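What follows is the residue order along each chain.
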Amino acid sequence: MEDCNWEDIIETPELPLEIIVYILSFLHASDRKEASLVCRSWYYASQDSQRKITFCFPASASSLELIRGLGRKSRCGLIISQLDGFSMSRSLLLEVGLCLGSKLESLALPGSSVTEASLLALLPRLTSLRSLNLRGLNSLFMSGAFLSREEHRQQVRSALSGLEELDLSDIRYLSDLTFNRLTGCTPRLRRLSLAGCHIAFEFDPYGGCPVGAVSDSSALLSLRNLRRFLTEQKSTLVSLDLSRTSITPESLRTVAQVQDLVLEELCLHGCKELTDYSMEILVKHQPSLQRLGISACTELTSRSVEAIAQGLKSLTHLSLSRDWRITEKGLADLLSVSSLRSLDLSECLHVSGTEIVNGLTESSAARAQLETLNLKSCTYIRDLAVFSLTQLLGDTLRELDLTSCVNVTDLSVRAIATYLQRLVVLRLGWCKEVTDWGLLGMVETARCEPDQETGDKGPRFTRTFGNMGFFKPPRLPFEDRPKLVTQNDLQQFRQQAGASLLALSRLQELDLSACPKLTDSSITQVVHYPDLRRLSLSMLPEITDASLASVAWHCRSLTSLALSHCPGISDRGVAQAAPYLRRLQHLYLSCCNNITDRSLLLLVQHCNRLKTLDISRCKNISITAVDLLQSQLPFLENVHYKCIGLVEQLDADTEQLLHQPILTEEDGVVVRSCL
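None of these values were measured; they are calculated from a predicted model.

Enquirer: Give me the overall build of the protein chain: which residues, what numbers.
Expert: Looking only at helices and strands, one finds 26 helices and 26 strands in the protein chain. When the accessible surface of the protein chain is summed, it comes to about 33300 Å², and 52% of that surface belongs to carbon and sulfur atoms.

Okay, here's the thing in structure tokens:
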């Protein structure tokens with residue numbers, strides 16, 4: 001400081017707030033939080049860049065201060081879980097209304113059982129609410145008296161007149177009466193979810209009486225009442241979710257044919273009654289659909305795919321997951337829909353990818369520009385299909401899921417690293433043929449094994465005994481283990497510019513779980529992603545603390561890390577990694593038997609943002625350490641600690657039992673014996 005020439009120091013001018021807001025908009029939420037502590041102008045800029053933030057927390061006494069603090073924000077959203085009918089929950093909802101009434105834009109109450117009086121006291125204050133999620137809130141509709149008074153309906157109607165999204169899924173006690181009372185207060189709905197509700201599609205509780213002739217049913221939610229609602233709100237409604245309901249083909253036809261109803265999104269996941277005929281009718285009457293979810297509709301075949309390809313020319317997202325009867329037929333036509341951006345074919349067991357490639361190749365002028373492709377558990381997918389897809393989708397694809405594609409090998413990994421360098425999400429879990437060589441982008445050197453030097457000549461004698469010969473069976477392909485990567489190989493990797501996974505510099509999620517041939521050699525050299533958020537290395541028996549330390553050093557943005565069933569991970573690795581994992585929120589370490597109480601103390605010291613921790617079946621962890629962890633980490637919500645320390649306790653009990661004398665009576669004589 002003494003050598004510093006103060007005359008040369010020029011004070012930098014303060015940047016305009018708009019520029020700081022723009023710069024901070026590129027940062028992760030946790031980084032923006034740290035940046036807000038720099039000075040007053042940065043604080044205001046960080047608040048502006050987070051203009052719409054949703055806060056999620058369980059109901060507790062400490063939540064009251066959080067809600068009061070949120071009152072300084074211009075707008076926000078809340079997800080409050082575990083609310084009940086006791087005084088603390090009532091005070092919490094009252095505080096939400098007082099502090100955030102005109103600023104709250106979305107509210108969700110999952111896993112709650114609030115009373116009618118509590119919600120009726122809150123809703124009239126939420127004048128800016130745009131999204132209301134009452135999913136599974138059975139306690140609100142059980143009595144049938146919710147919004148039964150006209151004065152309550154007027155108050156709620158004046159507050160919720162601008163509500164656009166309403167989620168009523170999984171409510172068992174919803175009836176025409178309660179549904180009409182609530183939707184009558186929300187005249188401008190754009191999105192409605194009735195997933196998992198009991199809707200009487202094939203039974204008319206009114207016996208054919210005209211609408212208005214009889215009062216609304218207080219026992220059932222009927223198709224006729226749903227059709228009346230769609231007719232009334234057809235000018236604004238664009239999204240409908242009827243997943244996991246018993247909707248029939250004729251009922252879907254009734255919904256689709258509502259005059260002037262133009263849906264952009266329709267979810268029918270798990271509607272097992274639907275047939276190809278119903279899809280053809282839907283496509284005919286709702287040609288403007290952009291998002292269609294028909295996963296787990298097990299009666300659908302490739303005929304539905306062909307109808308969708310011909311009729312929905314504006315389709316952007318399509319989910320066909322678990323539609324087991326779908327084959328390759330029709331997929332080529334589907335890939336000619338130029339607007340298609342997301343395609344989910346997971347667990348479509350007859351899909352091999354051939355027709356997808358043909359569709360992308362033949363319609364090169366107006367082909368689908370896929371950004372998301374899910375081929376999970378498509379076991380017929382092979383390297384040739386993956387290689388072709390990577391070349392055709394290299395400019396657009398951002399998310400690729402090949403989980404459980406058991407025939408995918410290192411060739412596919414090298415193709416992904418070469419052509420899909422804009423990938424953000426890559427899932428290769430359970431691809432058991434993927435090895436270190438694939439991740440490193442190298443070709444495996446020849447093995448020096450006797451069978452390969454001389455050629456496998458089939459079974460041969462190993463020894464003889466009299467007239468009997470003992471044969472050594474031929475080597476089976478699945479018994480082969482890849483040649484281990486040596487230091488010379490790693491030196492060659494560092495010197496070459498090969499197609500390794502390092503090229504995927506934009507990755508934010510990577511799943512390599514259950515790829516048992518992966519070792520430290522590739523994990524330490526390749527998993528170097530500064531923007532990586534979620535990483536799964538579970539069930540990799542060959543990795544050690546070296547991999548954990550390397551991942552922590554090179555991937556400091558991690559919020560979720562899975563290392564379950566990795567026996568090589570110990571306290572030493574946690575000690576090396578924890579100081580660099582300060583953003584970590586979810587950590588999975590189940591069945592890591594070398595993890596002890598020391599690791600939990602390190603997590604308390606360095607990872608104070610943890611929300612989820614799984615240490616199930618870690619036999620060297622004590623309940624005392626778990627209690628300390630829960631008391632020290634303020635954001636911790638879920639701790640899974642089933643069977644911790646159980647093995648030693650069982651061993652101790654068994655040992656004591658073995659040495660305990662047992663009294664038996666033989667012919668009237670008491671005999672002392674041990675097990």
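So much for the structure itself; the text now carries on.
Enquirer: Can you explain the side chain of Ser89? Please cite residues and give values.
Expert: Structurally, Ser89 can be placed in helix H5 (residues 87-100). Apart from the residues within four sequence positions on either side, Ser89 is in contact with Gln82, Leu83 and Asp84.

Enquirer: I'd love a proper account of the pattern of salt bridges, names of residues and values included.
Expert: Between side chains of opposite charge, a pair can form as their charged atoms come close. Under the defined criterion, the tally for this structure stands at 17 salt bridges. Here the salt bridges do not stand alone but share partners, grouping Glu399, Asp401, Arg427, Glu509 and Arg534 into one network.

Enquirer: Could you give an account of the nonpolar core, naming the residues involved and the relevant values?
Expert: Grouped together as the largest cluster of nonpolar side chains are 171 residues, with contacts concentrated most on Leu168, Leu194, Leu268, Leu292, Leu334, Ile416 and Leu510. Apart from residues lying up to four places away in sequence, Leu268 is in contact with Leu242, Ser243, Leu252, Leu274, Met279, Leu282, Gly293, Ile294, Ser295 and Cys297. Ile20, Val21, Leu24 and Ala35 belong to the second largest nonpolar core, which has 5 residues in total.

Enquirer: Requested: an account of the environment of Ser106, with residues and values cited.
Expert: Mapped onto the secondary structure, Ser106 falls in strand E3 (residues 104-108). Of the residues examined, Ser106 reaches a relative accessible area of 13% and is grouped as buried. Taking C-alpha positions, Ser106 is 4.5 Å from Ser131, a pair spaced 25 residues apart along the chain.

Enquirer: Help me get a handle on empty space enclosed by the protein, residues and values and all.
Expert: Summed over the entire model, instances satisfying the criterion amount to 3 cavities of 30 Å³ or more. There is about 90 Å³ of room inside the largest cavity. Lining the largest cavity we find Leu548, Leu561, Leu563, Val574, Ala577, Ala578, Leu581, Leu584, Leu587, Leu589, Leu603 and Cys607. Across the lining of the largest cavity, the residue classes break down as 12 nonpolar, no polar and no charged. Approximately 60 Å³ is the volume found for the second largest cavity. Forming the boundary of the second largest cavity are Leu373, Leu375, Val386, Leu389, Thr390, Leu393, Leu397, Leu400, Leu402 and Leu420.

Enquirer: Please give an account of the packing of helix H9 (residues 176-183) against helix H10 (residues 223-232) that cites residues and values.
Expert: Running from N to C, H9 and H10 cross one another at 10°; their axes reach a closest spacing of 10 Å. Taken together, H9 and H10 sit at an angle that is classed as roughly parallel. Regarding H9 and H10, the two cross each other, and that crossing is right-handed. Contacts between H9 and H10 involve Asp176, Phe179, Asn180 and Thr183 from the first element and Asn225, Arg228 and Phe229 from the second. For the contact of H9 with H10, a count of residues per class yields 2 nonpolar, 3 polar and 2 charged.

Enquirer: With reference to specific residues and values, describe the packing of aromatic side chains.
Expert: Under the definition given, this model contains 5 aromatic pairs. An angle of 70° between the planes, with centres 5.7 Å apart, marks the rings of Phe141 and Phe146 as edge-to-face. A relative accessible area of 0% means that Phe146 is categorised as buried. Relative to Phe229, the ring of Phe179 lies with its centre 5.3 Å away and its plane at 70°, an arrangement referred to as edge-to-face.

Enquirer: Can you tell me about the pairing of strand E1 (residues 54-58), naming the residues and giving the values?
Expert: Within a regular strand, the side chains alternate between the two sheet faces. With 5 bridges joining them, E1 and strand E2 (residues 76-81) adopt parallel strand pairing. Looking across to E2, one finds that Phe55 is bridged to Leu78. What joins E1 to E2 is helix H4 (residues 63-70), and the crossover it makes is right-handed.

Enquirer: Tell me what's going on with helix H13 (residues 302-311), and back it up with residues and numbers.
Expert: Buried within H13 we find Ser302, Ser304, Val305, Ala307, Ile308 and Ala309. The elements touched by buried residues of H13 are helix H12 (276-285), strand E11 (291-293), strand E12 (317-319) and helix H14 (331-334).

Enquirer: Tell me about the pairing of E3, and name the residues and values.
Expert: Along E3, 5 of the 5 residues are buried, which leaves the element largely enclosed by surrounding structure. Of the strand pairs in this sheet, E2 and E3 are connected by 4 bridges, and their pairing is parallel. Looking across to E3, one finds that Ile79 is bridged to Ala108. Pairing geometry for E3 and strand E4 (residues 131-133), over 3 bridges, is parallel. Each bridged residue has a counterpart across the sheet, and for Ala108 the counterpart in E4 is Asn133.

Enquirer: Now, about unusual backbone geometry: what can you tell me, with residues and values included?
Expert: Unusually for a residue other than glycine, Glu347 sits at a positive phi of about 65°. By the element assignment, Glu347 lies in the loop between strand E13 (342-344) and helix H15 (354-362). We classify Glu347 as partly exposed; its relative accessible area is 26%. A positive phi angle, near 60°, is found at His565, a position not held by glycine. Following the sequence through the fold, His565 ends up in the loop between strand E21 (560-562) and helix H23 (571-577).

Here is what the cut-offs are and how they apply
Residues numbered from 1 in each chain as written. Predicted model: local features only at pLDDT ≥ 70, side-chain atom pairs only at ≥ 80, totals over all residues. Heavy atoms only, no water. Helix = DSSP H or I, 4+ residues; strand = E, 2+ residues; numbered from the N terminus. Areas by Shrake-Rupley, 256 points an atom, 1.4 Å probe, with all protein chains shown as cover. Contact = heavy atoms within 4.5 Å. Salt bridge = Lys/Arg side-chain N within 4 Å of Asp/Glu carboxyl O. Core = buried A, V, L, I, M, F, W, Y, C linked by side-chain atoms within 4.5 Å. Buried < 20%, exposed > 50% of the residue type's maximum accessible area, 1.4 Å probe, protein only. 1 Å grid on protein atoms, 1.4 Å probe; cavity = no way out; pocket = protein on both sides within 12 Å on 5 of 7 lines; lining within 4 Å. Points joined across faces, edges and corners; volume = space filled by probe spheres on them. Nonpolar A, V, L, I, M, F, W, Y, C, P; charged D, E, K, R; others polar. Axes fitted to C-alpha atoms, helices over the stretch in contact; angles between N-to-C directions. Parallel < 35°, antiparallel > 145°, perpendicular 65-115°, else oblique. Left-handed = near helix turned anticlockwise from the far one by under 90°. Phe/Tyr/Trp six-rings, centres within 6.5 Å; stacked < 30°, edge-to-face > 60°. Pairing = 2+ DSSP bridges. Right-handed = clockwise from strand over helix to strand, strands pointing away.

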